[in-house]
Amino acid sequence: IKSTIILYPIAEDITNIYSTLILSKGFKDGVLENSLVYIRGRQAVCKITEVYDRTSLCTLFSSSGQKIEGVTGSSTTLYLEGGGGGTFISLVPRETNVTEGDIVSLKSNQTMTLGTVVKIVRDDQMSSLYVYVRGVYNPVTSNIFYISQ
């Protein structure tokens, strides 16, 4: 890591609440498209999808319909789909080793946390489990963001 860029939220997308953030740094500050944005504790929040001179647009990983791969501490891969509002859902085979309380990290960078498994729904009629993950991003308490380059 050569440097860390500190960013502040300017606005949240009011048409798609918890979908995107406009952040206070842009191209002139060294922000690049597809950069991973996180909060303290290396908790992954979003990816930069558009960069302007002095601002950038960040699409939340938990935004409705977004897809991302996570991994648990037991090396179980979860194919997560954003549910909006900081939540994810994953459909996994019934025999998958996942339990409530498992920490889910970003598969592409396992030093970054995505969230925690909060609920597992088993349906006797299906050969799969629904795994619900609550993300780490809280718009009320998160007001400093980072990008490592």
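To start, this report covers the structure provided alongside it. (Residues numbered from 1 in each chain as written. Predicted model: local features only at pLDDT ≥ 70, side-chain atom pairs only at ≥ 80, totals over all residues. Heavy atoms only, no water.)

**Notes on the overall build of the protein chain**
Phase 1 of the analysis: A count of helical and extended segments in the protein chain gives zero helices and 13 strands.
Phase 2 of the analysis: From first element to last, N terminus to C terminus, the protein chain shows the α and β order β-β-β-β-β-β-β-β-β-β-β-β-β.
Phase 3 of the analysis: Reported as C-alpha extents along the three principal axes, the dimensions of the protein chain are approximately 55 × 35 × 25 Å.
Phase 4 of the analysis: With 149 residues in all, the protein chain has 40% of them scored as buried.
Phase 5 of the analysis: For the protein chain, contacts bridging at least 24 residues in sequence account for 54% of all contacts bridging at least 6.
Phase 6 of the analysis: Per element, the accessible surface of the protein chain, about 8,300 Å² overall, is 50% carbon and sulfur.
Phase 7 of the analysis: Positive and negative charge centroids in the protein chain, built from 13 and 13 side chains respectively, lie 7 Å apart. (Helix = DSSP H or I, 4+ residues; strand = E, 2+ residues; numbered from the N terminus. Buried < 20%, exposed > 50% of the residue type's maximum accessible area, 1.4 Å probe, protein only. Contact = heavy atoms within 4.5 Å. Areas by Shrake-Rupley, 256 points an atom, 1.4 Å probe, with all protein chains shown as cover. Lys, Arg positive; Asp, Glu negative; His and termini not counted. Charge placed at Lys NZ, Arg CZ, Asp CG, Glu CD.)

**So, the environment of glycine 65**
Phase 1 of the analysis: In this fold, glycine 65 is placed in the loop between β6 (56-60) and β7 (67-72).
Phase 2 of the analysis: Once the C-alpha coordinates of glycine 65 and serine 142 are considered, the two residues, 77 residues apart in sequence, prove to be 23 Å apart.
Phase 3 of the analysis: If near-sequence neighbours (up to four positions away) are discounted, glycine 65 is found in contact with Glu81 and Gly82.

**Description of the layout of surface pockets**
Phase 1 of the analysis: Looking at the largest pocket, its volume works out to about 170 Å³.
Phase 2 of the analysis: Contributing to the lining of the largest pocket are Ile39, Arg40, Gln43, Val136, Thr141, Ser142, Asn143, Ile144 and Tyr146.
Phase 3 of the analysis: In terms of residue class, the lining of the largest pocket is made up of four nonpolar, four polar and one charged. (1 Å grid on protein atoms, 1.4 Å probe; cavity = no way out; pocket = protein on both sides within 12 Å on 5 of 7 lines; lining within 4 Å. Points joined across faces, edges and corners; volume = space filled by probe spheres on them. Nonpolar A, V, L, I, M, F, W, Y, C, P; charged D, E, K, R; others polar.)

**Things to note about empty space enclosed by the protein**
Phase 1 of the analysis: Taken as a whole and assessed by the stated rule, the structure comprises one cavity of 30 Å³ or more.
Phase 2 of the analysis: There is about 70 Å³ of room inside the largest cavity.
Phase 3 of the analysis: Taken together, Ala44, Val45, Leu60, Phe61, Ser62, Gly86, Phe88, Leu114, Gly135, Val136 and Tyr137 make up the lining of the largest cavity.
Phase 4 of the analysis: Its residues placed into classes, the lining of the largest cavity shows eight nonpolar, three polar and no charged.

**Digging into the pairing of strand β4 (residues 36-39)**
Phase 1 of the analysis: The sheet contact formed by β4 and strand β5 (residues 43-51) spans four bridges and is antiparallel. Bridge pairing in β5 links tyrosine 38 to alanine 44.
Phase 2 of the analysis: Linking β4 back to β5 in an antiparallel pair, the connection comprises three residues, with glycine 41 at a positive phi of about 80 degrees. (Pairing = 2+ DSSP bridges.)

**Side note on the state of the cysteines**
Phase 1 of the analysis: Applying the stated criterion across every chain yields a total of one disulfide.
Phase 2 of the analysis: Each sulfur of the disulfide joining cysteine 46 and cysteine 58 lies 1.7 Å from the other. Disulfide cysteine 46-cysteine 58: the torsion about the S-S bond is 110 degrees, which places it as right-handed. In this pair, cysteine 46 sits in strand β5 while cysteine 58 sits in strand β6, placing the two residues 12 residues apart along the sequence.
Phase 3 of the analysis: Taking relative accessible area as the criterion, cysteine 46 reaches 0% and is therefore assigned buried. (Disulfide = S-S within 2.5 Å.)

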